[in-house]
Amino acid sequence: MPTARKLGKRADQRRAMFRGMVTLLLDKGRIETTLARAKELKRIADKMITIGKKNTLAAKRAAFAYITKEEVVKKLFDQIAPSFESRNGGYTRVLKLGPRRGDGAEMSIIELVNYAPKDKKDKKSKKDKAEKAEKKESNKEEKSKAAEAAEEAAEEPAGEEAKTEE
């Protein structure tokens, strides 16, 4: 009796799917998928984080062999694994969402335990961007007014010289 779920895919397709999902999970911190996939993904993601905690050359090579993006491997070893240094397993959690509307498949969210949504930071950065844009516009207006004043000042003496020549 097999211990892992087959999920209706051949072994090579399953492996490719989980490689992509692990990469995405470690990159984003949270993904939405079916419950069966999330439970299998949890096993693999926890193993990747355990490999990241070792922080040896062999561990980095093992991570590069499975994770599809180099930036994600660097993030695993530099940020994710050190944040779980005091934990002995249980790096991810699976939260049930309910049935999917189309086919009724049980949906869930799988996320890193220390995951913090970046929505609040994004909103602040959008506000900051808007304020910066307003400041740039006001600076442009001030510069254009100063340039117009300089042009007018340059034109006035030229006009006076023309009157004196006549």
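Everything below is about the structure shown above.
Residues numbered from 1 in each chain as written. Predicted model: local features only at pLDDT ≥ 70, side-chain atom pairs only at ≥ 80, totals over all residues. Heavy atoms only, no water.

## Focus: the overall build of the protein chain
Okay, so step 1: A tally of regular secondary structure across the protein chain gives 5 helices and 3 strands.
Okay, so step 2: Buried residues in the protein chain amount to 27% of all 166 residues.
Okay, so step 3: For the protein chain, the proportion of contacts with a sequence separation of at least 24, taken over those separated by at least 6, is 57%. (Helix = DSSP H or I, 4+ residues; strand = E, 2+ residues; numbered from the N terminus. Buried < 20%, exposed > 50% of the residue type's maximum accessible area, 1.4 Å probe, protein only. Contact = heavy atoms within 4.5 Å.)

## Let's talk about the pairing of strand 3 (residues 106-112)
Okay, so step 1: The buried count for strand 3 comes to 6 of 7 residues, which makes it a mostly enclosed element.
Okay, so step 2: Two strands pair when backbone bridges link them, and strand 2 (residues 92-99) and strand 3 are joined in this way by 7 bridges, in the antiparallel orientation. What sits directly across from Leu95, in strand 3, is Ile109.
Okay, so step 3: Linkage of strand 2 to strand 3, two consecutive antiparallel strands, is achieved through a turn of 6 residues, within which Gly104 is found at a positive phi near 80 degrees. (Pairing = 2+ DSSP bridges.)

## What to know about the environment of Ile49
Okay, so step 1: Positionally, Ile49 belongs in helix 2 (residues 35-54).
Okay, so step 2: On a C-alpha basis, the gap between Ile49 and Ala81 in space is 5.7 Å, while along the polypeptide they are 32 residues apart.
Okay, so step 3: Look past the residues within four positions of Ile49 in its chain and what remains in contact with it is Leu26, Leu76, Ile80, Ala81, Phe84, Tyr91 and Leu112.

## Some words on the packing of aromatic side chains
Okay, so step 1: What the rule picks out here adds up to 1 aromatic pair.
Okay, so step 2: Looking at Lys60, its charged tip hangs above the ring of Phe77, at a distance of 5.7 Å from the centre. (Phe/Tyr/Trp six-rings, centres within 6.5 Å; stacked < 30°, edge-to-face > 60°. Lys NZ or Arg CZ within 6 Å of the ring centre and 35° of its normal.)

## Here we look at the environment of Ile67
Okay, so step 1: Residue placement: Ile67 occurs in the loop between helix 3 (57-66) and helix 4 (70-83).
Okay, so step 2: Once the C-alpha coordinates of Ile67 and Met21 are considered, the two residues, 46 residues apart in sequence, prove to be 9.3 Å apart.
Okay, so step 3: Aside from chain neighbours lying at most four places away, what touches Ile67 is Val22, Thr23, Leu26, Met48, Val72, Val73 and Leu76.

## Topic: unusual backbone geometry
Okay, so step 1: With a phi close to 55 degrees, Leu7 is a non-glycine residue in the positive phi region.
Okay, so step 2: Within the fold, Leu7 resides in the segment before helix 1 (11-28).
Okay, so step 3: Leu7 sits in the partly exposed class, given a relative accessible area of 25%.

## Some remarks on the nonpolar core
Okay, so step 1: Within the largest apolar cluster, 27 residues are counted, with the highest numbers of intra-cluster contacts made by Val22, Leu26, Leu41, Ile49, Ile67 and Leu76.
Okay, so step 2: Listing elements by their share of this core, those giving two or more residues are helix 1, helix 2, helix 3, helix 4 and strand 3.
Okay, so step 3: In terms of residue count, helix 2 provides more of this core than any other element does, 7 residues in total.
Okay, so step 4: For Leu41, the contacting residues outside a window of four places in its chain are Phe18, Met21, Val22, Leu25, Ile31 and Ile110. (Core = buried A, V, L, I, M, F, W, Y, C linked by side-chain atoms within 4.5 Å.)

## Focus on the packing of helix 1 against helix 4
Okay, so step 1: The N-to-C vectors of helix 1 and helix 4 enclose an angle of 45 degrees; their axes lie 10 Å apart at closest approach. Relative to helix 4, the element helix 1 is oriented oblique. Between helix 1 and helix 4 lies a crossing of left-handed hand. Packed against helix 1, whose contacting residues are Thr23, Leu26 and Asp27, the element helix 4 presents Val72, Lys75, Leu76 and Ile80 at the interface.
Okay, so step 2: The residue makeup of the contact of helix 1 with helix 4, split by class, is 4 nonpolar, 1 polar and 2 charged. (Axes fitted to C-alpha atoms, helices over the stretch in contact; angles between N-to-C directions. Parallel < 35°, antiparallel > 145°, perpendicular 65-115°, else oblique. Left-handed = near helix turned anticlockwise from the far one by under 90°. Nonpolar A, V, L, I, M, F, W, Y, C, P; charged D, E, K, R; others polar.)

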